[in-house]
Amino acid sequence: MLLSCGTEMTEPGRLVPLTVAEDPALPSAFINGTRLHTEAFGNPDDPLLVVIHGGPGGDYRSMSGAKAFSGHGFYVVFYDQRGSGLSKREPESQYAGENAVRLFIDDLHAVIGHYRRSENQKVFLLGHSWGAMLATGYINLYPSQVAGAVLAEPGGLTWRQTSEYLSRSNKVRFFTEALNDAVFAEQIIAGRPEHEVLDYKAAFFTNYENAPGNVIGNPGHYPSWRSGAVAFRALIANAEQYGFDFTTNLRAFTREVLFLYSENNRAYGASWAATVSAPYPGARLEEVAGCGHEVLYFGWDDFFPRALRYLNEMK
Amino acid sequence: MTTKNIALPLLLLILAIGPAPGQDVNWASGARDKNLLSASFGADYSSYYGISYGRLLQIGKKSLVAGTVFTLPFGSDLTDDWRLLTSVQTELLRHGGFALTLKPALVLRRYESPMAALFNVGADVSALYGYQKPGWGAAALLSYDRSISARITHRLQKDDYPAVRDGWYHTRSGNFRFGARLNYTRRSWGMFLIIGKHYGQNFRDNPTFPFFAELTLQKRF
């Protein structure tokens, strides 16, 4: 009976939410050759504030509180990155080759182009973790296009820095429940190549980063839509192979950048924030109290006034 | 008290009272004790420890060992994750000191985390081919662990995605294991060391920790 009963794990919508490719009711836009899950809040003529989530492979659900900036004179744009969240899944081959990271920068450029009403409309970037790295990659390429940026705990601005940070933040703790919760299920959901299955299985890894006593200081689970497992795996492999350096032209960006780190992330801290932010001529470092790495979700009460103050100064 | 704190004394206790290996068997030992009791620990997906019992059976001229291995990963929740493997094994071929052993098994597993709980039914088949003397042996190991079906009960994932549905799902895929086994036997005791690497069946979607290792101590009586 066990062999015959049951449902396919790949049946749309059973284990992971439908993407914009499967549910036309979801807000989306066709951008740079793919369909992205995207929303915008506020007056379209206000300065643009583009919210860039972490991962790679994460989504903007835990950052959705940032729509509050729309009540303070910003046109707030959210999007799930290529192959992530509720955006359309894309084949792994899209993330191969030396230009894979550039593809994500091009997507961001196209998102800005999609929502920006005029050349005079200022553009601000709000990035968290990998999203802050991606924002830096964009600034490095288009320094004159950005009026300011709020960057929350980018792991590093080069692959070397990032891998050093990951070795601390993802340090394996043998003999722990957190490790079982992350990997034991790999013998049950094993060797399946379908993206829906990989996305579902990837959600179990959040058990590790959010487990009690975790290094990055998260007090528990935070909401997300879907782990973009293929985008994550492929981009990490790509970075290991080709590396990246988002700092080569950062000296051209002389505006002040608000660079935030959290009070409780033991893998980050003030010294790492100083190291990572050093290539920015105008980095303003501030600590967000009462939270770990998920700054915008768990540290919102302290984050929001800091970010708003900065954005109003730069507006 | 953490599971680690419980598990290590438990393992020592098991060893002290004379238990033994998993389902590992040295067919060339010459001994035909009826019972095999084992204790093992290792790393495979996560770190774990386990006990096993096997019974030597004679069916006609054929010797078989039927037995069960129960393993628990280390961790603070003692019984939320476990694996129960029930197998029958026998030597299929022998020429000189070389032998081929086959071990088909039924696998039951349970996994629980803040996200979801899974109960799994699977099958495993292992083949060992190598040189086996009465006191020692070395063999190559090939196995395939196929997950067939899993009952999934969601927890935190329901918060993230309320439409997620509990129930039985076809898992229908598995992992290969390639490795080697070394064993040493003295009187009624045996020790087995297995090391190797595992892959997803498509050799692309592989487990996070690709290597496995297990050390087993066995008592025959």
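Refer to the preceding data block for the structure.
One structure accompanies this document, and this report is about it. Computed from a predicted model, the values in this text were never measured in an experiment.

### Points about the overall build of chain B
A tally of helices and strands in chain B yields two helices and 10 strands. Overall, chain B shows an N-to-C arrangement of helices and strands of α-β-β-β-β-β-β-β-α-β-β-β. Expressed as a percentage of the 221 residues in chain B, the buried residues total 40%. Here the contacts in chain B between residues at least 6 apart in sequence split such that 54% fall between residues at least 24 apart.

### Let's talk about the environment of A:Q121
All names here are of chain A. Within the secondary structure layout, Q121 lies in the loop between α1 (100–115) and β6 (123–128). Residue Q121 is classed as partly exposed on the basis of its C-beta count, with 16 C-beta atoms lying within 10 Å. What Q121 contacts, discounting residues up to four positions off in sequence, is P47, L48 and R116.

### Quick notes on the packing of α1(A) against helix α2 (residues 130–141) of chain A
Residues and elements named next belong to chain A. Across the interface, α1 lies against α2 with an axial gap of 10 Å and an inter-helix angle of 80°. The orientation of α1 relative to α2 falls into the category roughly perpendicular. Across from V101, F104, I105, L108 and H109 in α1, the residues of α2 making contact are L134, G137, Y138 and L141. The residue makeup of the contact of α1 with α2, split by class, is seven nonpolar, two polar and no charged.

### What about the pairing of strand β7 (residues 136–154) of chain B?
Residues and elements named next belong to chain B. Two strands pair when backbone bridges link them, and strand β6 (residues 116–132) and β7 are joined in this way by 17 bridges, in the antiparallel orientation. The partner of L128 across the bridge, within β7, is L141. Linking two consecutive strands that pair antiparallel, namely β6 and β7, is a turn of three residues.

### Structural notes on α1(A)
Its 16 residues place the ends of α1(A) 23 Å apart at the C-alpha level, agreeing with the 22 Å of an ideal helix rising 1.5 Å per residue. Here the buried face of α1(A) lies against β2 (28–31), β3 (34–41), β4 (48–52), β5 (75–79), α2 and α7 (229–242) of chain A.

### Comments concerning the nonpolar core
Note that soluble globular proteins tend to have their nonpolar side chains buried in a common cluster. Core analysis: the biggest nonpolar cluster contains 104 residues, and A:L49, A:V50, A:V51, A:V76, A:V77 and A:L260 have the highest contact counts within it. In this structure A:L260 touches A:V150, A:L151, A:A152, A:E153, A:E286, A:V288, A:V295, A:F303 and A:R306, once residues within four positions along its chain are discounted.

### A word on the pairing of strand β1 (residues 35–44) of chain B
Residues and elements named next belong to chain B. Here two bridges tie β1 to strand β2 (residues 46–59), and the two strands are oriented antiparallel to one another. Each residue of the ladder has a partner; that of N35, found in β2, is R55. Between β1 and the antiparallel strand that follows it, β2, lie one residue; Y45 among them carries a positive phi value of about 70°. For β1 and strand β10 (residues 211–220), the ladder comprises eight bridges, and the chain directions are antiparallel. Opposite F41, over in β10, you have L215 as the bridge partner.

Parameters and conventions
- Every chain's residues receive numbers from 1 upward, in the order its sequence appears when written.
- Just so you know, chain letters begin at A and ligand numbers begin at 1, following the order they were written in.
- Given that this is a predicted model, residues contribute local features only at a pLDDT of at least 70 and side-chain atom pairs are listed and counted only at 80 or more, while totals for whole chains, interfaces and linings are drawn from all residues.
- Under the DSSP-based scheme used, a helix requires at least four consecutive residues in state H or I and a strand at least two consecutive residues in state E, with every element numbered from the N terminus.
- Exposed residues have 12 or fewer other C-beta atoms within 10 Å of their own C-beta, buried residues have 20 or more, and partly exposed residues fall in between, where C-beta atoms are placed from the backbone.
- Any pair of residues counts as being in contact when their C-beta atoms, constructed from backbone geometry, are within 7 Å of one another.
- A fitted line through C-alpha atoms serves as each axis, taken over the contacting stretch for helices, and the angle formed by two N-to-C directions is quoted from 0 to 180°.
- Angular relationships are summarised with four words: roughly parallel below 35 degrees, roughly antiparallel beyond 145, roughly perpendicular across 65 to 115, and oblique for the angles in between.
- Residues are grouped as follows: nonpolar covers Ala, Val, Leu, Ile, Met, Phe, Trp, Tyr, Cys and Pro; charged covers Asp, Glu, Lys and Arg; every other residue, Gly included, is treated as polar.
- Here a strand pair is declared whenever DSSP counts at least two bridges between the two strands.
- One fewer than the residue count of a helix, multiplied by 1.5 Å, yields its expected span.
- In these notes, a nonpolar core means any group of buried Ala, Val, Leu, Ile, Met, Phe, Trp, Tyr and Cys residues linked to one another through C-beta atoms within 7 Å.

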